[in-house]
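# Observations on chain architecture
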Amino acid sequence: MIRILFIGDIVGHDGLNLSTDFIPLLKRDIHADFCIVNGENSDAGKGIAEKQAQKLLQAGVDVITGGNHIWQKNSINVLQNDQYKTLRPANYPPENPGKGFLLHKNEKNVKLGVINLQGRSFLPPIDCPFKTSLDIVNELKKQTSLIFIDFHAEASAEKQALGWYLDGKVSAVVGTHTHVQTADERILPKGTAYITDVGMTGSFNSVIGMDVDNAIKRFTTQIPKFFKLATGNLRINGVVISVNENSGKAIDIKRLNFSRDEYAGIKNISW
Ligand SMILES: [Fe+2]
Ligand SMILES: [Fe+2]
């Protein structure tokens, strides 16, 4: 059995520090074989810079996924350097910097394919995530039966549809981007682990990680200049997915949603 730890959108400095403090502990206590995080908001809320990617990799992250914010700040430097193991959604134009999938081999020589895709409902009209996913899945299947997908999308329906579309073809389809964790984790009939949104890692005294007063000002004035990260009430959101190594079918998916003080409860689950 292979276990994959995935942490949802890491927001800002506080989210980065919290996740890098706990990733080594989580990997040890839940016996994770792979760790993937969504890092599109780790550079003060928008994008990811080299120092944040470095910090995540040093904490034991294997692959960093992105989303719509991956084009902001200095993220392109990270995307263009393979050592950062950082993806951007695969269905942006192929000429764009970086790549949308990779094959990661861990220290036990187990290969995991990781694909990052982005939805098109309420987001830029890029290429079809469904058709793009099939081409990449067929390519990766030549080398591994273990395939993990971060589908960065706004609409629950689009995420559910991709989960069903790929059921039995990949080990997991997990949603990101809304920053709000959903309680619909399950194993689909043909063996794909699914959740509509994993949630975020950062301040929960917030509107999806942003300062509450600033977020209200944005909505009440419609002026997009108000932007400030929130602080306090920090939580980690993620999922732990167990997969049969030979078949690539998921066996179990569990949600993680905890603060520093609540970690003992996570640790004491019999993983
Ligand atoms: Fe995000
Ligand atoms: Fe996003």
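Structure shown above.
Residues numbered from 1 in each chain as written. Chains lettered and ligands numbered in written order. Predicted model: local features only at pLDDT ≥ 70, side-chain atom pairs only at ≥ 80, totals over all residues. Heavy atoms only, no water.

## Considering the coordination of the iron ion (ligand 1)
Reference geometry at the metal: tetrahedral coordination by four donors gives ideal angles of 109.5 degrees; octahedral coordination by six donors gives 90 or 180 degrees. At this site the iron ion (ligand 1) is bound by Asp9 (OD), Glu40 (OE), Asn41 (OD1) and His179 (NE2), with donor distances of 2.0 to 2.2 Å. Around the iron ion (ligand 1) sit 4 donor atoms, and with donor-metal-donor angles ranging over 89 to 163° the site reads as irregular. Motif for the iron ion (ligand 1), donor spacing along one chain: D-x30-E-N-x137-H. The iron ion (ligand 2) is placed at 3.5 Å from the iron ion (ligand 1), the two being bridged by glutamate 40. Residue aspartate 9 is located in the loop between strand 1 (2-7) and helix 1 (12-29), and its partner glutamate 40 is located in the loop between strand 2 (34-38) and helix 2 (50-58); the two are separated by 31 residues in the primary sequence. By the burial criterion, aspartate 9 is buried, and glutamate 40 matches it. (Donors = N, O, S within 2.8 Å, 3.2 Å for Na, K, Ca; no water. Tetrahedral: all angles 85-135°; square planar, octahedral: opposite > 155°, others 65-115°. Helix = DSSP H or I, 4+ residues; strand = E, 2+ residues; numbered from the N terminus. Buried < 20%, exposed > 50% of the residue type's maximum accessible area, 1.4 Å probe, protein only.)

## Side note on the coordination of the iron ion (ligand 2)
Donor atoms from the polypeptide that coordinate the iron ion (ligand 2) comprise Glu40 (OE), Asn68 (OD1), His152 (NE2) and His177 (ND1), at 2.1 to 2.3 Å from the metal. Coordination at the iron ion (ligand 2) comes from 4 donor atoms whose angles at the metal span 88 to 150°, giving a geometry best classed as irregular. Between consecutive donor residues of the iron ion (ligand 2), the sequence gaps follow E-x27-N-x83-H-x24-H.

## Considerations on the sheet that holds strand 5 (residues 111-118)
Across the sheet, which stays open at both edges, the 6 strands sit in the order 4-5-6-7-9-8 with mixed pairing between neighbours. Each edge of the open sheet is held by one strand with a lone partner, namely strand 4 (101-105) and strand 8 (186-187). The pairing of strand 8 with strand 9 (residues 193-195) spans 2 bridges and is antiparallel. Within strand 9, the residue paired with isoleucine 187 across the bridge is alanine 193. Those strands touched by helix 4 (residues 129-141) are strand 4, strand 5 and strand 6 (147-152), and its axis lies near 170° from that of strand 5. (Pairing = 2+ DSSP bridges. Contact = heavy atoms within 4.5 Å. Axes fitted to C-alpha atoms, helices over the stretch in contact; angles between N-to-C directions.)

## Points about the pairing of strand 1
Of all 6 residues making up strand 1, 6 are buried, and the element is well covered by its neighbours. On strand 1, burial covers both faces: Ile2, Ile4 and Phe6 on one face and Arg3, Leu5 and Ile7 on the other are all buried. Across 6 bridges, the pairing between strand 1 and strand 11 (residues 234-243) is antiparallel. Residue isoleucine 2 lies in a different strand from strand 11, and its bridge partner there is valine 243.

## Focus on helix 1
Taking 1.5 Å per residue, 18 residues should reach 26 Å; helix 1 reaches 25 Å between its end C-alpha atoms and fits that length. Along helix 1, the largest kink reaches about 35° and is centred on isoleucine 23; proline proline 24 follows within four residues of it. Listing the buried residues of helix 1 in full gives Gly12, Gly15, Leu16, Leu18, Ser19, Thr20, Phe22, Ile23, Leu26 and Asp29. Where helix 1 ends, the next residue or the one after it, histidine 31, has phi of about 60°, a positive value. (Expected span 1.5 Å × (residues − 1). Bend = angle between axes of the 7 residues up to and from the residue.)

## Structural notes on the environment of asparagine 68
Here asparagine 68 is to be found in the loop between strand 3 (63-65) and helix 3 (75-79). Taking the C-alpha atoms as reference, asparagine 68 lies 10.0 Å from leucine 117; in sequence the two are 49 residues apart. Apart from residues lying up to four places away in sequence, asparagine 68 is in contact with Glu40, Tyr92, Gln118, Leu123, His152 and His177. Side-chain polar atoms of asparagine 68 contact the side chain of histidine 152, separated by 3.0 Å. (Polar contact = N/O pair within 3.5 Å; in protein donor to acceptor, adjacent residues only side chain to side chain.)

## Structural notes on the nonpolar core
Counting residues in each nonpolar core, the largest one holds 28 residues, and the members touching the most others are Leu5, Leu26, Val37, Leu56, Leu256 and Phe258. Listed by contribution, the elements that provide at least two residues to this core are strand 1, helix 1, strand 2, helix 2, helix 3, strand 11, strand 12 (250-258) and helix 7 (263-267). It is helix 1 that contributes the most residues to this core, 5 residues altogether. In contact with valine 37, other than residues within four places in its own chain, are Phe6, Ile7, Ile10, Ile23, Leu56, Val61, Val63, Ile64 and Thr65. Val110, Leu112, Leu146 and Ile241 belong to the second largest nonpolar core, which has 23 residues in total. (Core = buried A, V, L, I, M, F, W, Y, C linked by side-chain atoms within 4.5 Å.)

## Quick look at the pattern of salt bridges
What the rule picks out here adds up to 9 salt bridges. Linking lysine 108 and aspartate 33 is a salt bridge whose minimum nitrogen-to-oxygen distance equals 3.3 Å. Taken as a pair, lysine 108 in the loop between strand 4 and strand 5 and aspartate 33 in the loop between helix 1 and strand 2 lie far apart in primary sequence, 75 residues in all. Residue aspartate 33 is classed as buried on the basis of its relative accessible area of 12%. A salt bridge links aspartate 197 to lysine 159, with the shortest nitrogen-to-oxygen separation between them at 2.7 Å. Taken as a pair, aspartate 197 in the loop between strand 9 and strand 10 (202-203) and lysine 159 in helix 5 (residues 156-165) lie far apart in primary sequence, 38 residues in all. Owing to a relative accessible area of 0%, aspartate 197 belongs among the buried residues under this scheme. Relative accessible area serves as the criterion here: at 1%, lysine 159 is assigned to the buried category. (Salt bridge = Lys/Arg side-chain N within 4 Å of Asp/Glu carboxyl O.)

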